[in-house]
Amino acid sequence: MTKHKQEIKDTRIHLCLDCGKCTVVCPVSRYDPDFNPRLIVQRNMEHRNRNYEDEAIWSCLNCFMCLERCNYRVEFPEFIRILRTETLDKGRGAQCSHGGALQSMMHLMAGNKLKQRRLNWLPKDIKLSGQYETIFFIGCAPYFDVMFKDLGVNILDGVKSALRLMNRSHIPFNLLADELCCGRDLLLQGDKEGFMALAQANVSEFHRLGVKKIITSCPECYYALKIDYQKMLGKTFAEVVYWTEAVAPLLDSGELRLGRLKQKVTYQDPCTLGRGLRIFDSPRKILGALDGLELVEMQPNRETALCCGASSWVHCGAANRQIQDERLTQAEATGAEVLVTSCPKCQIHLKCTQQSRNGKRPRIDIQDLASLAARSLDQEAG
Amino acid sequence: MAEDELRIGVFVCDCGLNIAGSVDTEEVRISAEKLPGVVVSVRNRYTCADPGQAEIKRYIKEYNLNRVVVASCTPRLHESTFRKCIADAGLNPYLLEMTSIREHCSWVHLYDRESATKKAKDIVKIAVARARLLQPQQEMEIPVTDAALVIGGGVAGIQAALDLADAGHQVYLVEQKPSIGGIMAELDKTFPTMDCSICVLGPKMMDVGRHPKIKLMTYSTVETVSGYVGNFKVRIRQKARYVDETVCNVCGKCAEVCPVVLPDEFQQGFSSRKAAYIAFPQAVPSAFLIDMEHCLGNKPVACAKCMDACEKKCIDLHAQDKITEIEVGAIIVATGMDIYDPAQLDEYGYTLFENVITSMEFERLICGGGPTEGHLVRPSDHKTPKRIGFIQCVGSRTENRGNPYCSNVCCMNTVKDSLLIKEHDPDAEIFVFYMDIRAFGKGFEDLLRRSRDAGVRYIRGLPGEIREDPVTKNLLVKVENTTTARVEEYDLDMVILSVGLEPRADLKKLTTVLNLSQTSDGFVMEAHPKLRPVDAPTPGIFYAGCVEAPKDIKDSVTQAGAAAARSSILLNSGILKGEAIKAIVDLEKCNSCGVCARVCPYGAMKVDIKAKTGAQVVTAACAGCGTCAAECRFDAITMQHFSDAQVLAQIDAALEANPEQKIITFLCNWCSYAASDLAGVSRMQFPPNNRFIRTMCSGRVDESFILRAFEKGAPIVLLSGCHLGDCHYISANHWTMRRADKLWNKLEKLGIRPERLQLEWISAAEGPRFAQIMRGLEEMRQKVTPEEISHARKALAEQKRKAKEEEVEDELSDAAKV
Amino acid sequence: MKRNKTNIVVFACNWDGLSCVENAAQSRLSYPASVKLVKVSCLSRINSGLILKAFELGADGVMLLGCRPGSCHFEKDEKFIASEYDKAVNLLDLLGLGTNRLKLTRLARGDGQEFVGQVENFIEEVSQAG
């Protein structure tokens, strides 16, 4: 139990003033009265030496809303992660959604020296640079498209679009044939070993190829590579950039021009990208650069945006579904035709709820930001 | 004094068995006799006792001594005793060198008599080396101007002014607003007594206005302050009121006819005033004024309706600001605080939802003199609110938008407010959402009990969000009741945000003018938080009220009394004597570069960089830290009584024999030296290889001292001082740190291992840590090889030689130019 | 990889699938001991997660043994084949494990002979894949 003492101290959990603001703003707490972040802190601060198992820890979405309002910015999501890690250390199995398919997939990727066939989707028109100084980290997009085919999810379209925009912006990049899952979901689930296996393998590969800069379009991969890898592996290895941050300055300077897209859209701030890493403006800048596009903000948005209800493939229950429903209601209330997402998980989870919510006729179309931007290029501005 | 004229007497103390028990004091006495300049060496049993002192005086007369060295306990204990002693015998008290062979030797090396004795001999040798260079000093006598300036006319300033004036001193009270009264004048009632605020303050305000010894300057600001304790020169700007306050009879006709309507700041913007206005009915001075910023103009005069309406003809639209220069001996800063603005807390909807107001706004709504004449109504529809919520800790106790500290008064203010509402409407439902209720003062718990007894509900939990009903404009407050662990939603008519207090936004201006420091919370820093709570570190300046930290009226008034008393001590003394440790500038060497002025924590160095007239020391303000002397690149500054020559002589004496055995340690008088004393008193043991050199401040330690130590063969040098932020001389140890950084680079370039120079911040309480550091240093010393030492000696000697050559070359080329 | 150490997990449905296995036993037909049997009430119970877990835990190959099309006791299995089996195959392909490690075997009731034959073939295929 003392193994994690310093890690727990670093979350500043002892500074908790017990004020309860987190409980009020937590989306899970709104729908599941048994989930109370403040009480989780109280229950788990000192019980760790006994065989106390707190079931509630699996319901956290890692959406950072508690942190946003907390007087001391206590890192509650990190505290949950440590509790989950301790549970797994004790030998208990982790809670997994989707039958554990994604976790097994990640373990298999790390374990067996497999030669993945993960780049078969790459179209011929996308240009790769010769060296590996800058790479684009794809993430689990190919796997998601397989897993969630029945939801009509097309993450790879977003990836391809982002790559085409990279080409268009003259930002050179290469792709890794042996890229492994970033491992963030395993880390958040408490499976530190699984995460480390993936992380170390990835970082060795980066070293081997001389990677200096990594661009990615998945907010989770971005967070993992930028923050988690440095924290857990103890060193920096490359500059990590989110794709909109690479593209937005070129829109400002006029070096990149996007096309025309006459639509009314609204934008879902991904929790990890927004509250987690404070990137709110560059995705909006890209939307703003589309001629004819009208952006209507959902209420709430930006720092207080509502989570899409995704966890790290840990838990999916009634509360998650209700959160997704609420977000879709907020999106529909804007009158927009398109709900733009900038995260594979947002796309997957919102589309899933949409299916059971409106059946065959969804009231708002869910599309990826990069896909939208790339489509505008088919209709160049005058 | 010429070498052969020196007649040094050394007095070695047995201190009973405290010293003699572990040091052979006779041996020490004998070794002292052989030192150059020493004419007599004496051993006493108890030097500080009457017989011992009598003996010193006898020897001074008999041997015609002109320098005295006492080797006994710590000078921090008895330096003043022996100074008085030799002064009695006709010697200048600054011709005494006192050194510790007890706390620094006998008590910390109890079990190694031979080494302890050897060290004691060295200590005496070092002391004699300094004594040879001591000069007689005169303590400055500064006359004190018997007048005080009080900046700020809130209740603290008012109280301080009255106390000082009643004690017979002339007081200048400067207030920025058109009237004195401050925040207290804006409150309805005060806790815990539920007194009407302006009713108790009003008479005090009148007293100030009437007092023959108080010159009240309102609508005025302090522009510049120069001088030093006892002799401040202050320039004050009195803004033009455009109304002669001595004539105005507050008839109010000017305001009636004035066409300009503005929000009334006194009423928190709930009602309006005119450009011609009086701050509030009970204002002192009791007179109207014209707000020229919003008046239709006086260049040319656009309107003049006020002039026409004035019966007393006391309006002059072409009045000018007046500059006054005054001389005072003491300054009391009582400028108060600002209220936290909760607009940035989007979850509470302040300024978005009409019925969310701050506690200050509530004061005006419930006050009989307020915009609604004391009828509590809510802003959206002016109906009486029946369900009211208070949210505590708004802007306080947070690192996330707001201030980290607790604002002291908000809990009790809410308790008081809840009772006020119940007084007006016993059926009102009141909820207080809190994290902790701080009811620590006299009568506070009782007031809280009354509030609960009246049915006010205290819910433990802070709301996470407020939503507004678009039709009723009611507020839906969502909060987790942490006692029941359930999230509850309250439908309230009005929400009052119990906002915290902050330092004034324009405090920086004042602290710059007065050379004051701020703590990390932004309030002004006091000299010592426990023992000198109303003194500024700068002598002659005192604090009262919320400028120093958030506090209630009782504490402000108490503090004001304290500040007045301490000012009074200063003003009554007539003259001030300062210890003679001051900086002196050699104008021939001075380059007017301005570095000394920049580093002086007291602003005691004045340099005109452009005019190149040389640095001027404001001797009375100089605290003697010596940072200027250490930073001066041109060696133009000498510290009286702690000169470069004296310190270098001590270093040379310490390292004359067996330098590789010795660790040179620089101790600052206030912290690290005190720590060494504490280690001694606690009998902590450590190896006897250290030789201590005392300076008043670690900032005094010049780069050349440290390099000299290495040049003379020291294996390790320790530079120590107060913890950062705790420096006795406010900020001088920051310069020490920077100097150390530069030195490490320099040492590395010279091929000397930088770790041989150690830097430690040691507080006076850290006796055990001091001993531990000493032990650590000895371990380090043993790892320093003879080759390293000799390399360092050569490298530094070489550098010195080169520098001398360049100097000679420069002189020659200068001469050639002429 | 040794031939007799090729780990195969057979998910057999409780009805037609299991009957094949039982028939093979009654007919005294033998197959390697490294073939492990997991009974499920219907193949539609199996999701991609279970299949991948089997591989994660060390299976070299996974066989899904069920009834012929149209014979499902619960009338559910067509839907399963359309989605979960497809998913699993594609995931295995992406992972680089190879699609031939997952075999869907649909047999008539009690066909022990065919079952053993299929198993042997499967082992052959899998061990050659390495």
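In this text, all values refer to a predicted model and were calculated from it rather than measured experimentally. (Residues numbered from 1 in each chain as written. Chains lettered and ligands numbered in written order. Predicted model: local features only at pLDDT ≥ 70, side-chain atom pairs only at ≥ 80, totals over all residues. Heavy atoms only, no water.)

Notes on the overall build of chain A
Part 1 of the argument: When its secondary structure is counted, chain A shows 18 helices and seven strands.
Part 2 of the argument: Relative to the globule expectation of 21 Å for 382 residues, the C-alpha radius of gyration of chain A, 21 Å, shows essentially globular dimensions.
Part 3 of the argument: In chain A, which comprises 382 residues, the proportion classed as buried is 62%.
Part 4 of the argument: Long-range contacts, defined here as pairs at least 24 residues apart, represent 80% of the contacts in chain A between residues at least 6 apart. (Helix = DSSP H or I, 4+ residues; strand = E, 2+ residues; numbered from the N terminus. Rg over C-alpha atoms; globule rule 2.2 N^0.38 Å. Buried < 20%, exposed > 50% of the residue type's maximum accessible area, 1.4 Å probe, protein only. Contact = heavy atoms within 4.5 Å.)

Here we look at the overall build of chain C
Part 1 of the argument: For chain C, the helix and strand inventory stands at four helices and four strands.
Part 2 of the argument: Counting helices and strands in the order they occur from the N terminus, chain C gives β-α-β-α-β-α-β-α.
Part 3 of the argument: In terms of overall dimensions, chain C is globule-like: its C-alpha atoms have a radius of gyration of 14 Å, near the 14 Å expected for 130 residues.
Part 4 of the argument: Summarising its shape, the C-alpha atoms of chain C cover approximately 35 × 35 × 20 Å along the three principal directions.
Part 5 of the argument: Considering only contacts within chain C whose residues lie at least 6 apart along the sequence, 81% involve residues at least 24 apart.
Part 6 of the argument: With the model as given, the accessible surface of chain C reaches about 6,300 Å², and the carbon-plus-sulfur share is 47%.
Part 7 of the argument: Averaging the coordinates of the 16 positive side-chain charges in chain C and doing the same for the 15 negative ones gives two points 6 Å apart. (Areas by Shrake-Rupley, 256 points an atom, 1.4 Å probe, with all protein chains shown as cover. Lys, Arg positive; Asp, Glu negative; His and termini not counted. Charge placed at Lys NZ, Arg CZ, Asp CG, Glu CD.)

With respect to the interface of chain C and chain A
Part 1 of the argument: Each partner contributes residues to the interface: chain C has 17 residues there, and chain A has 20 residues.
Part 2 of the argument: Applying the counting criterion to the chain C and chain A interface returns two salt bridges.
Part 3 of the argument: Close ionic contact of Arg117 of chain A with Asp93 of chain C constitutes a salt bridge, the shortest N to O distance being 2.6 Å.
Part 4 of the argument: Our count for the chain C to chain A interface comes out at six residue pairs in polar contact (both at pLDDT 80 or more).
Part 5 of the argument: Going through the elements one at a time, helix H2 (48–56) and helix H3 (77–95) of chain C are the ones with two or more residues in the side of chain C that touches chain A.
Part 6 of the argument: Broken down by class, the residue content of the side of chain C that touches chain A amounts to seven nonpolar, five polar and five charged. (Salt bridge = Lys/Arg side-chain N within 4 Å of Asp/Glu carboxyl O. Polar contact = N/O pair within 3.5 Å; in protein donor to acceptor, adjacent residues only side chain to side chain. Nonpolar A, V, L, I, M, F, W, Y, C, P; charged D, E, K, R; others polar.)

Brief notes about the domain arrangement of chain A
Accessible area lost during the coming together of the parts is what is often quoted as the interface size.
Residues and elements named next belong to chain A.
Part 1 of the argument: Under the domain assignment, chain A is made up of domain 1 (5–89), domain 2 (98–247) and domain 3 (257–377).
Part 2 of the argument: Using C-alpha coordinates to define each centre, domain 1 is positioned 29 Å away from domain 2.
Part 3 of the argument: The interface is formed by nine residues belonging to domain 1 together with 10 residues belonging to domain 2.
Part 4 of the argument: Of the roughly 760 Å² buried at the junction of domain 1 and domain 2 (both faces included), carbon and sulfur atoms supply 54%.
Part 5 of the argument: Considering only the surface of domain 1 that becomes buried against domain 2, Asn62, Arg81 and Leu88 emerge as the three largest contributors, covering 48% of it.
Part 6 of the argument: There are one salt bridge connecting domain 1 and domain 2. (Domains from an automatic or database assignment. Buried area = accessible area lost by both parts, 1.4 Å probe.)

Comments concerning the sheet that holds strand S17 (residues 322–328) of chain B
Residues and elements named next belong to chain B.
Part 1 of the argument: Strand order in the open sheet made by the three strands is S11-S12-S17, with antiparallel pairing throughout. Looking at the sheet topology across the chains shown, the edges are occupied by strand S11 (220–228) and S17. Looking at each pair of strands side by side, their axes are set apart by 20° on average, direction ignored.
Part 2 of the argument: Here strand S12 (residues 231–238) runs beside S17; their pairing, made up of seven bridges, is antiparallel. Looking at the pairing, Phe232 lines up with Val328 of S17. (Pairing = 2+ DSSP bridges. Axes fitted to C-alpha atoms, helices over the stretch in contact; angles between N-to-C directions.)

Re the packing of aromatic side chains
Residues and elements named next belong to chain B.
Part 1 of the argument: Inspection of the entire model under this criterion finds 25 aromatic pairs over all chains.
Part 2 of the argument: Their ring planes at 80° and their centres at 5.4 Å tell us that Phe191 and Phe444 sit as a pair that is edge-to-face. Taken together, the residues Phe191 in the loop between strand S8 (189–190) and strand S9 (195–196) and Phe444 in helix H12 (residues 444–453) connect sequence positions 253 residues apart.
Part 3 of the argument: Owing to a relative accessible area of 15%, Phe191 belongs among the buried residues under this scheme. (Phe/Tyr/Trp six-rings, centres within 6.5 Å; stacked < 30°, edge-to-face > 60°.)

Describing the interface of chain B and chain A
Part 1 of the argument: The partner chain A presents 23 residues to the 24 residues of chain B that form the contact.
Part 2 of the argument: Here chain B packs against chain A, burying approximately 1,800 Å² in sum over the two surfaces, 43% of which is carbon and sulfur.
Part 3 of the argument: Area buried by chain B at its contact with chain A is led by Glu399, Asn400 and Glu480 of chain B, which between them contribute 29% of it.
Part 4 of the argument: Counting across the interface, chain B meets chain A through five salt bridges.
Part 5 of the argument: On the surface where chain B and chain A come into contact, there are 17 residue pairs in polar contact (both at pLDDT 80 or more).
Part 6 of the argument: Going through the elements one at a time, strand S25 (475–481) and strand S26 (486–492) of chain B are the ones with two or more residues in the side of chain B that touches chain A.
Part 7 of the argument: Ranked by the residues each element gives to the side of chain B that touches chain A, the list is headed by S25 of chain B, at three residues.
Part 8 of the argument: When grouped by side-chain class, the residues that make up the side of chain B that touches chain A number eight nonpolar, six polar and 10 charged.

Comments concerning the confidence of the model for chain A
Part 1 of the argument: Residues with a pLDDT of 70 or more make up 96% of chain A, whose mean pLDDT is 91.
Part 2 of the argument: Per-element averaging of pLDDT across chain A places helix H1 (residues 5–10) of chain A at the bottom with 86 and strand S4 (residues 264–267) of chain A at the top with 97. (pLDDT = per-residue confidence, 0-100.)

Structural notes on the arrangement of the chains
Part 1 of the argument: Take the two pairs of chains in contact: the one carrying the most contacts is chains A and B.
Part 2 of the argument: You won't find any contact between chain B and chain C; their C-alpha atoms come no closer than 37 Å.

Examining the pairing of strand S1 (residues 8–13) of chain B
All names here are of chain B.
Part 1 of the argument: Of all six residues in S1, six are buried; the element is thus mostly enclosed.
Part 2 of the argument: Direction of pairing for S1 relative to strand S2 (residues 38–44): parallel, over a ladder of six bridges. Bridge assignment links Phe11 to a residue of S2, and that residue is Val42.
Part 3 of the argument: With helix H1 (residues 25–33) bridging S1 and the parallel S2, this β-α-β connection has right-handed handedness. (Right-handed = clockwise from strand over helix to strand, strands pointing away.)

Section: the packing of helix H10 (residues 359–366) of chain B against helix H11 (residues 410–424) of chain B
When two helices pack together, their arrangement is given by the angle between the helix axes and the distance between those axes.
Residue and element names in this part refer to chain B.
Part 1 of the argument: At a minimum axis distance of 11 Å, the contact between H10 and H11 shows a crossing angle of 30°. Judged on the interaxial angle alone, H11 and H10 are roughly parallel. When the axes of H10 and H11 are compared, the crossing they make is left-handed. Contacts from Ser359, Phe362, Glu363 and Ile366 of H10 reach H11 at Asn413, Lys416, Asp417, Leu420, Ile421 and His424.
Part 2 of the argument: Across the contact of H10 with H11, the residue classes tally to four nonpolar, three polar and three charged. (Parallel < 35°, antiparallel > 145°, perpendicular 65-115°, else oblique. Left-handed = near helix turned anticlockwise from the far one by under 90°.)

Section: the environment of Lys345 of chain A
All names here are of chain A.
Part 1 of the argument: Within the element layout of this structure, Lys345 appears in helix H17 (residues 344–358).
Part 2 of the argument: The sequence separation of Lys345 and Cys221 amounts to 124 residues, and the corresponding C-alpha distance is 11 Å.
Part 3 of the argument: Once residues lying within four places of it in the same chain are set aside, the contact partners of Lys345 are Asp185, Glu220, Cys308, Ala310, Ser311, Ser312 and Trp313.
Part 4 of the argument: Reaching out from Lys345, the side chain makes a polar contact with the side chain of Asp185 at a distance of 2.7 Å.

What to know about helix H7 (residues 101–111) of chain A
Residues and elements named next belong to chain A.
Part 1 of the argument: Taking burial as the measure, the 11 residues of H7 include eight buried ones, the bulk of the element.
Part 2 of the argument: Considered for burial, the residues of H7 that qualify are Ala101, Leu102, Gln103, Ser104, Met105, Met106, Leu108 and Met109.
Part 3 of the argument: Just downstream of H7, Lys113 is the residue with a positive phi angle, here 55°.

Notes on the environment of Thr193 of chain B
All names here are of chain B.
Part 1 of the argument: Mapped onto the fold, Thr193 is located in the loop between S8 and S9.
Part 2 of the argument: Residues Thr193 and Ala797 lie 604 residues apart in sequence; the distance between their C-alpha atoms is 76 Å.
Part 3 of the argument: A distance of 2.9 Å separates the side chain of Thr193 from the side chain of Asp195, its partner in a polar contact.

A word on the side chain of Asp14 of chain B
All names here are of chain B.
Part 1 of the argument: Within the secondary structure, Asp14 sits in the loop between S1 and H1.
Part 2 of the argument: Judged by relative accessible area, Asp14 falls into the buried class, the value being 6%.
Part 3 of the argument: Setting aside chain neighbours within four positions, we find Asp14 in contact with Ile19, Ala20, Thr25, Arg43, Asn44 and Arg45.

Section: the state of the cysteines
All names here are of chain B.
Part 1 of the argument: Within this structure, the stated rule accounts for one disulfide over all chains.
Part 2 of the argument: The thiol sulfur of Cys258 is not disulfide-bonded, and the nearest other cysteine sulfur, from Cys303, lies at 6.4 Å.
Part 3 of the argument: A residue is classified by how much of its surface remains accessible, and Cys258, at 11% relative accessible area, is buried. (Disulfide = S-S within 2.5 Å.)

Observations regarding the sheet that holds S25 of chain B
Residues and elements named next belong to chain B.
Part 1 of the argument: One open sheet holds the three strands; their spatial order is S24-S25-S26, and the pairing between them is antiparallel. Of all strands in the sheet, those bounded by a partner on one side alone are strand S24 (465–468) and S26. Going across the sheet, the axis of each strand differs from the next one's by a mean of 25°, ignoring polarity.
Part 2 of the argument: Note: S24 against S25, four bridges, orientation antiparallel. Bridge pairing links Ile466 to Val477 in S25.

Points about the nonpolar core
Part 1 of the argument: Core analysis: the largest hydrophobic core is formed by 113 residues, its most contacted members being Phe136, Phe206, Tyr229 and Trp243 of chain A together with Val62 and Leu64 of chain C.
Part 2 of the argument: Mapped onto the domain boundaries, this core takes at least three residues apiece from domain 2 (98–247) and domain 3 (257–377) of chain A.
Part 3 of the argument: One finds Cys66 and Cys271 of chain A together with Leu462 and Leu492 of chain B within the second-largest nonpolar core, a separate group that totals 57 residues. (Core = buried A, V, L, I, M, F, W, Y, C linked by side-chain atoms within 4.5 Å.)

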